[in-house]
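These are the residues of each chain, in order.
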Amino acid sequence: MKTTIFRLLLVSLVILIAACQGGSQSASTTLDPPSATGLTPSPTVNETEPTAPVLSPTPDPPPEESLLPLSQYALTAKLDYDSHEVLVEQHISYVNTTASDLIELLLLIEPNQYPAGFELGEISWENGDPIADYSLVERELLFPLPQTLSPLDSIGINLSYRLKIPNQNAPYGYTDRQTNLGDWYPYVPPYIPGEGWLVREVAFLGEHMAYDMAAFDVQIQLANPTAANGGLLTVAASSLPEMEGDIYHYEHAPARNFAWTVSDQYQVQETQVDEITVKSYSFPFHPSADLPALTETASALSIFDDLFGPYPHQALSIVEADFLDGMEYDGLIFLSHAFYDYYTGDHRSNLSIIAAHEVAHQWWYGLVGNDQALEPWLDEALSTFSELYYYEKAYPEDADWWWENRILFHDPQGWVDSTIYEPAGFYPYRDAVYLRGAMFLGELRELMGHENFLSFLNEYLERNSHRQATGDDFFELLSEHTSADLSALIGSYFTNR
Ligand SMILES: [Zn+2]
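Residues numbered from 1 in each chain as written. Predicted model: local features only at pLDDT ≥ 70, side-chain atom pairs only at ≥ 80, totals over all residues. Heavy atoms only, no water.

*Asks:* Sorry if this is basic, but what is going on with the packing of helix α5 (residues 377-394) against helix α6 (residues 399-407) here?
*Replies:* Between two packed helices, both the angle of their axes relative to each other and the distance between the axes serve to describe the pair. In contact at an axis separation of 8 Å, α5 and α6 are set at 150 degrees when each is read in the N-to-C sense. It follows from the interaxial angle that α5 and α6 lie roughly antiparallel. Where α5 crosses over α6, the handedness of that crossing is right-handed. Seen from α5, the contacting residues are T384, F385, E387, L388, Y391 and E392; seen from α6, they are A399, W401, W402, W403, R406 and I407. Here the residues of the contact of α5 with α6 sort into 8 nonpolar, 1 polar and 3 charged. (Axes fitted to C-alpha atoms, helices over the stretch in contact; angles between N-to-C directions. Helix = DSSP H or I, 4+ residues; strand = E, 2+ residues; numbered from the N terminus. Parallel < 35°, antiparallel > 145°, perpendicular 65-115°, else oblique. Left-handed = near helix turned anticlockwise from the far one by under 90°. Contact = heavy atoms within 4.5 Å. Nonpolar A, V, L, I, M, F, W, Y, C, P; charged D, E, K, R; others polar.)

*Asks:* Is there a simple way to explain unusual backbone geometry in this structure?
*Replies:* It is generally the case that most residues other than glycine have a negative phi and that most peptide bonds are trans. At the junction of A253 and P254, the peptide bond is cis and its omega measures out at -15 degrees in the coordinates. Inspection of the secondary structure assignment puts P254 in strand β15 (residues 247-255). Residues other than glycine seldom take positive phi values, yet H84 does so here, at roughly 65 degrees.

*Asks:* Can you walk me through the confidence of the model for the protein chain in this structure?
*Replies:* As a general rule, the predicted coordinates of low-pLDDT regions are not to be interpreted in detail. Mean pLDDT for the protein chain: 88, with 87% of residues reaching 70 or above. Below a pLDDT of 50 lies the segment residues 1-18, which in the model reaches 45 contacts outside its immediate sequence neighbourhood of four places, other chains included. In this model, residues 24-61 is a region of pLDDT below 50 whose contacts with residues beyond four sequence positions or in other chains number 103 contacts. (pLDDT = per-residue confidence, 0-100.)

*Asks:* For this particular structure, what's the right way to read the packing of aromatic side chains?
*Replies:* How two aromatic rings sit relative to each other is given by the distance of their centres and the angle of their planes. Enumeration over the complete set of coordinates arrives at 45 aromatic pairs. Taken together, a centroid distance of 6.0 Å and an interplanar angle of 85 degrees make the contact between Y390 and Y395 edge-to-face. There is no split in this pair, since Y390 and Y395 are both buried. Centre to centre, the rings of F440 and F494 are 4.9 Å apart; their planes meet at 80 degrees, and the pair counts as edge-to-face. Pair noted here: F440 is in helix α7 (residues 426-448) and F494 is in the segment after α10 (487-493), with a separation of 54 residues, a long-range link. Across the pair, exposure class does not vary: F440 and F494 are buried alike. The ring centre of F283 lies 5.2 Å from the NZ or CZ of R177, which sits over that ring. A cation over an aromatic ring shows up here: R445 above the ring of Y389, its NZ or CZ 5.2 Å from the ring centre. (Phe/Tyr/Trp six-rings, centres within 6.5 Å; stacked < 30°, edge-to-face > 60°. Buried < 20%, exposed > 50% of the residue type's maximum accessible area, 1.4 Å probe, protein only. Lys NZ or Arg CZ within 6 Å of the ring centre and 35° of its normal.)

Given below as structure tokens:
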């Protein structure tokens, strides 16, 4: 029954966002969802060369990570829900935490990929002097620094701008049901010594962003407390606000990013996992799914907190998405309305699987960052495999069901270390990176022993928290945790190792 429903769903809906969750329960259709986002962005599927304002040809090791100060993002945003516009004042205090001298600074502006999506007002240095010699091309705003920025030096920038939010079912966009603001502000991408800024082309599959850790101070004001239809607006975000009059004031640090979403339809429920508040925001069409969405999320949070290490924030928001996917941000996860609509009361469901998947990203994406475009397996394979940990702990009798339904049913093919630009469609991408990635980790765990594998994961997390991990980091550390000959295993799943 579920198979039929899901096939119908896949056939009848136009857009299927091929991004984070990579799941479709028992969906054996060979249809290829047309687009990652259904958007207008560049169809280019080749990675860009990072722009390279590097001065040091031979990078030194970066300063000790634990001592690094965070770049600060202070944002005040006023949203007009009905006209879909946001006025923003932003201050960035950027700290050069690389080992390289920098002579220019790059801001990535995802909203500028949409027609009239980003209108720059003013841009100035900390002292108010305008920055005149900038270039803004597609998503990249680049300008020279007045003087070389040495490691651990900081520089302040002020910006004002207007966002025109596109009408699209996506993590950044508005529909009749909600307005989503993921990746909505200009930010400085990671800088890789010897390579340059970590900037990747938008692809039709997967995610292309990478983020340094930063500290966020965000003030949100709604132009009107209600939508045009009279419905009271609810704001959900990466952290919980202090209300200051009609201003929602958030602090979120250290974190990869800050996302928020507004709707006049959200039904709000919350629970606690120890000191962590888990808040659920769902549409009012399927009340029997709302509580399970909350409890499965909370349960996964508790399990991963025990297995992997402490969840780093005081709150987690879980938001029903008016698009066909799950999507993670730091402190906020989206779950497709489809998972709620087709929830039948059974934890053998996409609602449970993908809730666990998105929660796992709080470790594999939030704490441990990676180049999502070129090495998506680092966060996606680990988050998919974490679903198994969830079932083993929460529903041990269904661990085999998870293997059969989530992985083996699809007879996945492809290289685990595919980039987001290589697979010829959503299913080949999901099969190679998510499903075969989980198969690799499963075989690795059997080969190493469960305890040893978990202690490897724990150390991988410890070493790479707040950093950008690479496949090399993964395999170098792995070699310290096992003396087994992994060459045949790795050779059967990876093409470049
Ligand atoms: Zn994912």
